[in-house]
Amino acid sequence: QGACGYNFCRHNTEITPSSHGTHVAGTIGAVNNNGIGVCGIAGGDGTPGSGVRLMSCQIFDEPGRDAATIEEIMVWTADHGAVISQNSWTYVPGLPDLSQSGKAAIDYFIKYAGCDNDGNQLPDSPMKGGIVIFAAGNDNVSNPGTASPADYDAVVSVAAIAPDYTKASYSNYGSYIDISAPGGNLNGNGMVYSTIHNSSYGDMSGTSMACPMVSGVAALVIQKYGLNERGFTPERLKEILFKSAYDVDNYNPKYAGQLGYGCVDATAALGIEVTDEMPTLTLKNNKVSDGNLLFWVNYQLAGNARIIIYNSTGGKVFDSKRGVMAMSITTIDVSKLAAGYYTMEYQCNGRTMKQNFIKY
């Protein structure tokens, strides 16, 4: 059953307005074609009932009140009709990382959002399962723990780029990043303009501003596919988002392979066709210079996989079994391999795929 929102600190529906949350919400769902303020990515066409529906979830409150728990947030929102979990927040560095119960709660949202207790898609749901999207944080570091919960493999982690396509000066980065989006310059020109509280508008910047860009495009993709197709899944949604992203590594040679698949692209995402029949293995970096080979697979190749690497003479130099998730960047440490040409062989679900790469 749907809901407008909830205050997880006070445990009631009384929401305290804040500019940060209002700015994020406006980027996603500000009403379009009304001649006022800004246009939200998924704000509809101005006709009544068009545009995304937002559920306001307050997780921080005034000093002295407890912050919300991720366990409660994920379960409540999944049970109340959400299929996109948009999170422009991170844990404070130095505190414990995402707990096992927190991971289980995220997994619950991904499995049961839009579904009944048996995991069957509800009649009025546009997706069979949910997608969880997190901002990567603003510490300008590559340490995954600093970005928690964005470093959890099951979530879509979002880094920020500046208006010139370079990594925003503040944005975290690393092999755990899934996708990037405009987050604005730190100050001055080139910030992100959106709604703020008190019926006003203002500029902000951060991975908090980049994250709703991805969530807004995700909503558009769900509208295109999910409303017309039963059984549309979060795995297919992620495949569309990632395959349609445009590469930004050329603008960021220092951060190549550390800004995800590229920058989110709404036009490309709505134009891409994703088939169910073709298994896909893609190397993110077929020229490895930092010792990490990055790759992703679609849902047909996800599961318990065997990964073998052969050198140019056919000798086996790496052989490992590991669980691989669909549409999540997987990292293989090849730092101990000598410079040269290699072939990666991927075996899973009765299929074998091969890709070549160069180690420098």
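For the structure itself, look to the data block above.
Residues numbered from 1 in each chain as written. Predicted model: local features only at pLDDT ≥ 70, side-chain atom pairs only at ≥ 80, totals over all residues. Heavy atoms only, no water.

Participant: Help me understand the overall build of the chain in this model?
Facilitator: When its secondary structure is counted, the chain shows 6 helices and 16 strands. Its C-alpha atoms give the chain a radius of gyration of 20 Å, near enough to 21 Å, the size a compact globule of 360 residues would have. Seen through its principal axes, the chain has C-alpha atoms that stretch 65 × 50 × 40 Å. In the chain, buried positions account for 48% of the 360 residues. Sequence-distant contacts in the chain: of pairs separated by 6 or more residues, those separated by 24 or more amount to 63%. (Helix = DSSP H or I, 4+ residues; strand = E, 2+ residues; numbered from the N terminus. Rg over C-alpha atoms; globule rule 2.2 N^0.38 Å. Buried < 20%, exposed > 50% of the residue type's maximum accessible area, 1.4 Å probe, protein only. Contact = heavy atoms within 4.5 Å.)

Participant: What should I look at first to understand the sheet that holds strand β6 (residues 179-182) in this one?
Facilitator: Where strands meet in a sheet, backbone hydrogen bonds hold them as pairs that are either parallel or antiparallel. Spatial strand order, β3-β4-β5-β6: 4 strands in an open sheet with parallel pairing. The sheet is open, and its two edges are formed by β3 (84-87) and β6, each paired on a single side. Within this sheet the neighbouring strands show an average axis-to-axis angle of 30°, counted without direction. Alignment of strand β5 (residues 156-161) against β6, held across 4 bridges, turns out to be parallel. (Pairing = 2+ DSSP bridges. Axes fitted to C-alpha atoms, helices over the stretch in contact; angles between N-to-C directions.)

Participant: Help me out: how do you make sense of the packing of helix α1 (residues 19-29) against helix α4 (residues 207-225) in this one?
Facilitator: The angle between the axes and the distance between the axes are what describe a pair of packed helices. Between α1 and α4, whose axes approach to 8 Å, the crossing angle comes to 30°. Relative to α4, α1 is oriented roughly parallel. Considering how the two elements wind past one another, α1 and α4 form a crossing that is right-handed. Contact residues: α1 offers His20, His23, Val24, Thr27 and Ile28, while α4 offers Ser208, Met209, Pro212, Met213, Ser215 and Gly216. For the contact of α1 with α4, the residue count by class is 5 nonpolar, 6 polar and no charged. (Parallel < 35°, antiparallel > 145°, perpendicular 65-115°, else oblique. Left-handed = near helix turned anticlockwise from the far one by under 90°. Nonpolar A, V, L, I, M, F, W, Y, C, P; charged D, E, K, R; others polar.)

Participant: I would appreciate a short explanation of the pattern of salt bridges in the present structure.
Facilitator: Close approach of charged atoms lets side chains of opposite charge pair. Inspection of the entire model under this criterion finds 7 salt bridges. Between Asp249 and Lys284 there is a salt bridge, and its shortest N-O distance comes to 3.8 Å. Of this pair, Asp249 sits in the loop between α5 (234-244) and α6 (266-271) while Lys284 sits in the loop between β9 (281-283) and β10 (287-288); the two residues are 35 residues apart in sequence, bridging distant segments of the chain. Lys354 is the partner of Glu345 in a salt bridge, and the nearest nitrogen-oxygen pair spans 3.6 Å. In this structure, a network of salt bridges that share partners links the residues Asp247, Asp249 and Lys284. (Salt bridge = Lys/Arg side-chain N within 4 Å of Asp/Glu carboxyl O.)

Participant: Teacher, can you tell me more about the nonpolar core here?
Facilitator: When a protein is soluble and globular, its nonpolar side chains tend to lie buried together. Ranked by internal contacts, the top residues of the largest apolar core, which has 41 residues, are Val158, Ile179, Val221, Leu237 and Leu241. Mapped by element, the contributors of at least two residues to this core are β4 (131-135), β5, β6, β7 (192-196), α4, α5 and β11 (292-297). Here this core gets 10 residues from one element, more than from any other, and that element is α4. When sequence neighbours within four positions are dropped, the list of residues in contact with Val221 reads Gly226, Phe232, Leu237, Ile240, Leu241, Ala269 and Leu270. Grouped together as the second largest cluster of nonpolar side chains are 33 residues, Ile70, Ala78, Ala159 and Val248 included. (Core = buried A, V, L, I, M, F, W, Y, C linked by side-chain atoms within 4.5 Å.)

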